Amino acid sequence: MTVLAYEDFGTGRHREASLIRHALGSVHDEELVAGLAGGVGFMYFVFEYEGRLPILTIVAQAHPEPWVQVALGRLGVPYEATRAMNPRWGRVRAALDAGQPAFCVVDRSALPWHGPDPDAELTGTDQHTVVIAGYDGDDLLVEDGAETPYRIDREEFGAAWTAHRKGRHQLIVPTGPPEGEPDVAGAIASTVRHFTGPVLGNAFDVNFGFSGMEKLAADLRDGSAAAGWERRFGSTPEAFRAGTGRLYACLEEEWTAPGATRPLYADFLDLAGRAEAAALFRESGGQWSELAQLAHAAAPDAGPDERRAFFDACALRVDRCLDLERQAIRSLMA
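Heads up: these notes are all about the structure in this document. Please read these numbers as outputs of a predicted model, since none were measured by experiment.

**Examining the overall build of the protein chain**
So, step 1. A count of helical and extended segments in the protein chain gives twelve helices and nine strands.
So, step 2. Taking 334 residues into account, the globule formula puts the C-alpha radius of gyration at 20 Å, and the protein chain, at 20 Å, falls close to it.
So, step 3. Its C-alpha atoms give the protein chain principal-axis dimensions of about 65 × 50 × 35 Å.
So, step 4. For the protein chain, the residues scored as buried account for 52% of the 334 residues in total.
So, step 5. Taking all contacts inside the protein chain whose residues are at least 6 apart in sequence as the whole, residues at least 24 apart take part in 71%.
So, step 6. Looking at the protein chain as shown, the accessible area adds up to about 14100 Å², and 51% of this sits on carbon and sulfur atoms.
So, step 7. One way to put it: in the protein chain the 31 positive side-chain charges average out to a point 4 Å from where the 49 negative ones average out.

As structure tokens, this is what we get:
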């Protein structure tokens, strides 16, 4: 017997916002869900491992708080969140039988429709949320952005669920209808904090928010220090290709909606009656997309002068985004 908690699948502009929206019966706009989860933010890191090319990571959405719990909380939706030594298959099936989907955090590279992570050092270090939306015998039906749910054997899914170290066997089940009105003011205040800091309360805060954007612009312009992009990503065609590829993906595809999530968040701010900040974030989103397109169009075999010109052009757009988003945050604080 096939049991489905819902039948609306597929990703709009943002994968996790769509997961939450479908799990709640598609009664909320994607823009509202994304905004309540925190919407936009900025985190910038470059990970380096001996014998490997540097790995650029930019997270342009709210981070590091988990989207599902934050969005459910600000929507006023009660939920049960548990962790266990082993997968709680009985609880999963009971939830689905009651029409309640089950959010799980897994190792993305262990899911067969994604496959092994080429950046193996990062496997299991960042969460990938999916929804168990139904079951058919021993097979699970999993929503992960496609137009129809993926079918996977329970044991194979369990291995992916176990592999994620920080989210091992985490299970989040919405348990009832919303209580009260959505906490729009709390969501906006959280966005402001993520830009102005502190975010983590430790030395890594330099990589978040406006500080992280300033650091990215400085690294793009740096032509001599080891942390500068000219040495990290401009030394060889392979390094340059790796840097530009990741820059495009981080701003348009991974852990984001297109335009570094800014246009989606601008739509949320319009719903919230914050038109001035919405317009500024929408303009900034256009600048982030222009930067991403520069990276996408960059010639892999570009010479040193062309690479230098590319880094400078990117830095100018980061400067422009930084100015627009500072204005937007001031407007939200007013």
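**Observations concerning the pairing of strand S9 (residues 171–174)**
So, step 1. Because side chains alternate across S9, one face comprises the buried residues Leu171 and Val173, and the other comprises Ile172 and Pro174, equally buried.
So, step 2. Bridge analysis of strand S4 (residues 79–82) against S9 gives four bridges, and the strand direction is antiparallel. Bridging from a neighbouring strand, Ala81 pairs with Ile172 of S9.
So, step 3. Both strand S5 (residues 102–106) and S9 contribute to a ladder of two bridges, which runs antiparallel. Bridge pairing in S9 places Phe103 opposite Ile172.

**Brief notes about the nonpolar core**
So, step 1. Within the largest apolar cluster, 74 residues are counted, with the highest numbers of intra-cluster contacts made by Leu247 and Phe281.
So, step 2. In terms of residue count, helix H12 (residues 304–333) provides more of this core than any other element does, eleven residues in total.
So, step 3. Sequence-distant contacts of Leu247, that is, excluding residues within four places in its chain, are made with Leu56, Ile58, Trp229, Leu291, Ala295, Phe310 and Cys314.
So, step 4. If you look at the next biggest cluster of nonpolar residues, it comprises 20 residues, including Val92, Ala102, Val106 and Trp161.

**Notes on helix H1 (residues 15–23)**
So, step 1. In terms of residue burial, H1 counts as a mostly covered element, since seven of its nine residues are buried.
So, step 2. Burial in H1 covers these residues: Glu16, Ala17, Ser18, Leu19, Ile20, His22 and Ala23.
So, step 3. Where H1 is buried, its residues touch helix H2 (30–36), strand S3 (55–61), helix H3 (67–75), S5, strand S6 (128–136) and strand S7 (139–143).

**Thoughts on a positive patch on the surface**
So, step 1. Together, Arg83, Arg165, Lys166 and Arg168 make up a positively charged patch on the protein surface.
So, step 2. Checked against the element boundaries, Arg83 lands in the loop between S4 and helix H4 (89–97).
So, step 3. Judged by relative accessible area, Arg83 falls into the partly exposed class, the value being 47%.

**Structural notes on the environment of Gly286**
So, step 1. Here Gly286 is to be found in helix H11 (residues 275–297).
So, step 2. Exposure remark for Gly286: the relative accessible area of 33% places this residue in the partly exposed category.

**Description of the packing of aromatic side chains**
So, step 1. According to the stated counting rule, one finds 17 aromatic pairs in the structure shown.
So, step 2. Aromatic ring contacts, followed pair by pair, group Phe195, Phe210, Tyr265, Phe268 and Phe281 into a single cluster.
So, step 3. Here the basic side chain of Arg93 rests over the ring of Tyr135, its NZ or CZ set 4.0 Å away from the ring centre.
So, step 4. A cation over an aromatic ring shows up here: Arg326 above the ring of Phe210, its NZ or CZ 5.5 Å from the ring centre.

**Let's talk about the pairing of S5**
So, step 1. With respect to burial, S5 is a largely interior element, five of its five residues being buried.
So, step 2. Alternating positions in S5 separate into two faces, Ala102, Cys104 and Val106 on one and Phe103 and Val105 on the other, with burial throughout.
So, step 3. With five bridges connecting them, S5 and S6 associate as antiparallel partners. Among the inter-strand pairings, Cys104 is bridged to a residue of S6, identified as Val130.

**Here's the deal with the side chain of Glu252**
So, step 1. If you trace the backbone, Glu252 turns up in helix H9 (residues 237–252).
So, step 2. At 10 Å, Arg262 is the nearest oppositely charged side chain to Glu252, a buried residue that forms no salt bridge.
So, step 3. Here Ser289 takes part through its side chain, which lies 2.8 Å from a polar atom of the side chain of Glu252.
So, step 4. The contact partners of Glu252, leaving out residues within four places of it in the chain, are Ala257, Pro258, Gly259, Ser289 and Ala292.

Conventions we followed
Residues numbered from 1 in each chain as written. Predicted model: local features only at pLDDT ≥ 70, side-chain atom pairs only at ≥ 80, totals over all residues. Heavy atoms only, no water. Helix = DSSP H or I, 4+ residues; strand = E, 2+ residues; numbered from the N terminus. Rg over C-alpha atoms; globule rule 2.2 N^0.38 Å. Buried < 20%, exposed > 50% of the residue type's maximum accessible area, 1.4 Å probe, protein only. Contact = heavy atoms within 4.5 Å. Areas by Shrake-Rupley, 256 points an atom, 1.4 Å probe, with all protein chains shown as cover. Lys, Arg positive; Asp, Glu negative; His and termini not counted. Charge placed at Lys NZ, Arg CZ, Asp CG, Glu CD. Pairing = 2+ DSSP bridges. Core = buried A, V, L, I, M, F, W, Y, C linked by side-chain atoms within 4.5 Å. Patch = residues over 30% accessible without salt bridge, like charges linked within 9 Å, V, L, I, M, F, W, Y side chains within 5 Å. Salt bridge = Lys/Arg side-chain N within 4 Å of Asp/Glu carboxyl O. Phe/Tyr/Trp six-rings, centres within 6.5 Å; stacked < 30°, edge-to-face > 60°. Lys NZ or Arg CZ within 6 Å of the ring centre and 35° of its normal. Polar contact = N/O pair within 3.5 Å; in protein donor to acceptor, adjacent residues only side chain to side chain.

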